[in-house]
Amino acid sequence: MQNDNLFAALRAAFPRDLDAVAVETDDGLAYSWRDLDRATAMLANLLGSLGLAEGARVAVQVEKSVEAMLLYLATLRAGYVFLPLNTAYQQAEIAYFIENAEPAVVVTTPKNFGWVSRIAFQAGTRHVFTLGDDRTGTLLDRASHCSDQQQPAVKGIDDLAAILYTSGTTGRSKGAMLSHGNLLSNARVLKDYWGWVPGDVLIHALPIFHVHGLFVALHGALLNGSQMLWLNKFDPRKVIERLPRATVFMGVPTLYTRMLAEPALTREAASHMRLFISGSAPLLIETFNDWQARTGHTILERYGMSETIMLTSNPYRAQDGERRGGTVGFPLPGVGVRVRDDAGQPVPTGEIGGIQVSGPNVFKGYWRMPEKTKEEFTEDGWFKTGDVGRIDERGYVTIVGRSKDLIISGGYNVYPAEIEGFINEMPGVAESALVGVPHPDFGEVGVAVVIPKPGAQLDGEALIATLKTQLANFKIPKKCFVVAELPRNTMGKVQKNLLREQYKGLFA
Ligand code: MLC
Ligand code: AMP
């Protein structure tokens, strides 16, 4: 029987020598391919023993570790749906995800077990396990009693593999449903397009709760049977130290600017590398040029999102064209990318419009939000990305802006509407606006501008301190100004472009 289970495809790509090192950690531990196979079998058997329903969600909010990665693979292997959650999320955020997704299993850090289990049990979750980043916790204790043999669950290409929550410009976060077929088709295209070869070694330094670290980096290495040099937390010096033993690195632009600030980053240090890939946020042309000058390598920039995984990429092979800084390259093989005006009509080559996408990589819709899903697709079935760009006569795609009100800070998405909602609830606040301004480290950061109610005294620092108790740290505005009024157009709408202009030099 044909099995389109993503895990089965990744497992089939393991090298013949199962005793070779698959993952080497920061603290010197080595996991062989056999370890990966056995541990995912044990964890999958544990999940299998819980009597979960078909399509059950396994929600996971734990620090990055190899075991957390194994839990992801085991969830695929057992045929359940993986739901990763950023460790920066606070109680109110987690409560929403758990109530919305109704996971059958929740895995949390030992430190957060108290409050996470309370939320989970209240929402009807039956099983809450703990997993520390030091190989401790009830999940591993329980799995250690399970068999290390397991037959991957049979899955079709449309069966769900993961749900990734992504915020929206209005309302609450939406769960993007990705299937085994979405993930596997994209991984296969990237393996070929980025020229993965035997012997490649990946430095894995990204978080594993979003597309970039969980899918693009991890699937890339596994589908190629490639060793990973694993860092639980990004550290520019540690990455540079590992370059002579590696060939592929993936990062958001902030990782590249932080590495450029290290004198140890030299042409010699990078001479063993084959490929540096950037994405998740715009790579400044200065970073692209500085990297080329310093290391001799041309960063390959690609473009993706939770709903579509990767859509476009600059070419790897010279015969396919040059890697052009400031562009995100060509639509990937098998992926359709087009640009439409506000009326949904095609725009002439090189003109700006909304970017739309179709292909086997495009998600199955938002979890339990059929109306929202419908709104985001065109009549003829293309997904509207909310990004604004153009495609030139050679086919290079350039992103010039976003029609969605979104700030991308250090590779994480911050939706102003969500943060404004929290600020507006605070005592004495009449209204607020959050805008993104340039930042040398994070690319872009949020700045809040707040109007007090008549007679109220507000303090920007105090507002920030309150927000820190409610929202993930990367969503917290770096500055908060209390002002008498917001600039408005004749319709009364806040002119965020004027605020952006006013505050653009704040962190220069
Ligand atoms: C941390 N801080 C941030 C931040 N990350 N502020 C704004 N934006 C961010 N991204 C703040 C914290 O709030 C804290 O502030 C201070 O920085 C130190 O926190 P930290 O956790 O020690 O930070 P650090 O480890 O240095 O993290 C920075 C980072 C991290 C760049 C390594 O943000 C990161 O790993 N980013 C990658 C995100 C990613 O993987 N994106 C892919 C999404 S997938 P304070 O005030 O409390 O001290 C996607 C699709 C696609 O978009 O195309 O790939
Ligand atoms: P997310 O919802 O977290 O998956 O973020 C996806 C968004 O990140 C996209 O819609 C883009 O706005 C942005 N993005 C991803 N890659 C790039 C890139 N290379 N350049 C500019 N923006 C990017």
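The structure displayed is predicted, hence computed values, not measured ones.

**Some details on the sheet that holds strand S24 (residues 479-482)**
The strand order across the open sheet formed by three strands is S22-S23-S24, and the pairing between neighbours is mixed. Of all strands in the sheet, those bounded by a partner on one side alone are strand S22 (429-439) and S24. Shown here is a sheet whose adjacent strand axes are inclined to one another by a mean of 25°, direction ignored. Pairing of S22 with strand S23 (residues 443-452), which is carried by ten bridges, proceeds in the antiparallel orientation. Across the sheet, Val 437 pairs through a bridge with Val 445, a residue of S23. Packed onto the sheet, helix H14 (residues 460-468) meets S22, S23 and S24 and runs at close to 135° relative to S24. Together, S22, S23 and S24 form the strand contacts of helix H15 (residues 496-503), whose direction differs from that of S22 by roughly 55°.

**Digging into the site of ligand 2**
Every one of the 17 residues lining ligand 2 counts as a neighbour, but Glu 301, Arg 302, Ser 306, Asp 387 and Lys 404 are closest to it. Contact between ligand 2 and Asp 387: an oxygen atom at 2.6 Å from a side-chain N or O atom of the residue. For ligand 2, an oxygen atom lies 2.7 Å from a polar atom in the side chain of Lys 404. Summarising the interface, the protein chains cover 91% of the accessible area of ligand 2, which totals 500 Å² for the free molecule. Elements supplying a minimum of two residues to the shell around ligand 2: strand S13 (300-305) and strand S19 (397-402). Among the elements that line the shell around ligand 2, the one with the most residues is S13, at five residues.

**A short note on the pattern of salt bridges**
Under the criterion given, the structure shown has 28 salt bridges. Through salt bridges with shared partners, one network takes in Asp 26, Lys 238, Glu 241 and Arg 242.

**Some points on the sheet that holds strand S16 (residues 336-340)**
In spatial order, the strands read S16-S17-S18-S19; together these four strands make up an open sheet with antiparallel pairing. Looking at the sheet topology across the chains shown, the edges are occupied by S16 and S19. Averaged over all pairs of adjacent strands, the angle between strand axes in this sheet comes to 50°, irrespective of strand direction. Looking at chain direction, strand S17 (residues 353-358) and strand S18 (residues 383-391) are connected through four bridges and run antiparallel. Bridge pairing in S18 places Gly 354 opposite Val 388.

**As for the site of ligand 1**
The environment of ligand 1 is formed by 23 residues, the closest being Lys 233, Arg 258, Ser 280, Arg 302 and Ser 409. Arg 302 has a polar side-chain atom sitting 2.7 Å from an oxygen atom of ligand 1. Mapped onto the shell around ligand 1, the elements with two or more residues apiece are helix H8 (211-223), helix H10 (253-260) and S13. The leading source of residues in the shell around ligand 1 is H10, at three residues. Along the lines of polarity and charge, the residues of the shell around ligand 1 split into nine nonpolar, nine polar and five charged.

**Some points on helix H5 (residues 113-122)**
Each α-helix winds once per 3.6 residues, and so residues spaced three or four apart point in a common direction. All of the buried residues in H5 are Trp 115, Val 116, Ser 117, Ile 119 and Ala 120. In this fold, the buried residues of H5 make contact with strand S3 (57-61), helix H4 (91-101), strand S5 (105-108) and strand S6 (127-130).

**Concerning the environment of Arg 402**
Looking at the secondary structure, you find Arg 402 in strand S19. Sequence separation of Arg 402 and Phe 113 is 289 residues, and the distance between their C-alpha atoms is 38 Å. The residues contacting Arg 402, other than those within four sequence positions of it, are Pro 282, Gly 386, Asp 387, Val 388, Ile 407, Ile 408 and Glu 444. Within the structure, the side chain of Arg 402 is placed 2.9 Å from the backbone oxygen of Leu 406, a separation counted as a polar contact. Polar contacts involving the side chain of Arg 402 include one to the side chain of Glu 444, which spans 3.5 Å.

**Concerning the layout of surface pockets**
Its volume calculated, the second largest pocket comes out at about 240 Å³. If you go around the second largest pocket, the residues you meet are Tyr 31, Asp 35, Arg 38, Ala 39, Met 42, Leu 43, Glu 67, Leu 70, Arg 135, Leu 140, Ala 143 and Ser 144. If one sorts the elements of the lining of the second largest pocket by residue count, helix H2 (residues 33-48) sits on top with five residues. For the lining of the second largest pocket, the class distribution of residues is seven nonpolar, one polar and four charged.

**Some thoughts on the side chain of Ser 179**
Its place among the elements puts Ser 179 in strand S8 (residues 174-179). Once residues within four sequence positions are removed from consideration, Ser 179 is found in contact with Ile 157, Asp 158, Asp 159, Leu 160, Ala 161 and Lys 364.

**Observations regarding the packing of aromatic side chains**
This model, assessed by the stated rule, comprises 19 aromatic pairs. Here Phe 363 and Phe 383 contribute two aromatic rings whose centre-to-centre distance is 5.1 Å and whose plane-to-plane angle is 75°, an arrangement assigned as edge-to-face. Here Phe 363 is found in the loop between S17 and helix H12 (370-375), whereas its partner Phe 383 is found in strand S18, with 20 residues between them in sequence. Residue classification places Phe 363 among the buried residues on the basis of a relative accessible area of 4%. By way of ring pairs, the aromatic residues Tyr 89, Tyr 96, Phe 97 and Tyr 165 are connected into one cluster. Above the ring of Trp 230, the side-chain terminus of Lys 64 is found at 4.6 Å from the ring centroid. Residue placement shows Lys 174 over the ring face of Tyr 366; its charged tip is 4.8 Å from the ring centre.

Basis of the calculations
- Residues numbered from 1 in each chain as written.
- Chains lettered and ligands numbered in written order.
- Predicted model: local features only at pLDDT ≥ 70, side-chain atom pairs only at ≥ 80, totals over all residues.
- Heavy atoms only, no water.
- Pairing = 2+ DSSP bridges.
- Helix = DSSP H or I, 4+ residues; strand = E, 2+ residues; numbered from the N terminus.
- Axes fitted to C-alpha atoms, helices over the stretch in contact; angles between N-to-C directions.
- Contact = heavy atoms within 4.5 Å.
- Near = heavy atom within 4 Å.
- Polar contact = N/O pair within 3.5 Å; in protein donor to acceptor, adjacent residues only side chain to side chain.
- Areas by Shrake-Rupley, 256 points an atom, 1.4 Å probe, with all protein chains shown as cover.
- Salt bridge = Lys/Arg side-chain N within 4 Å of Asp/Glu carboxyl O.
- Nonpolar A, V, L, I, M, F, W, Y, C, P; charged D, E, K, R; others polar.
- Buried < 20%, exposed > 50% of the residue type's maximum accessible area, 1.4 Å probe, protein only.
- 1 Å grid on protein atoms, 1.4 Å probe; cavity = no way out; pocket = protein on both sides within 12 Å on 5 of 7 lines; lining within 4 Å.
- Points joined across faces, edges and corners; volume = space filled by probe spheres on them.
- Phe/Tyr/Trp six-rings, centres within 6.5 Å; stacked < 30°, edge-to-face > 60°.
- Lys NZ or Arg CZ within 6 Å of the ring centre and 35° of its normal.

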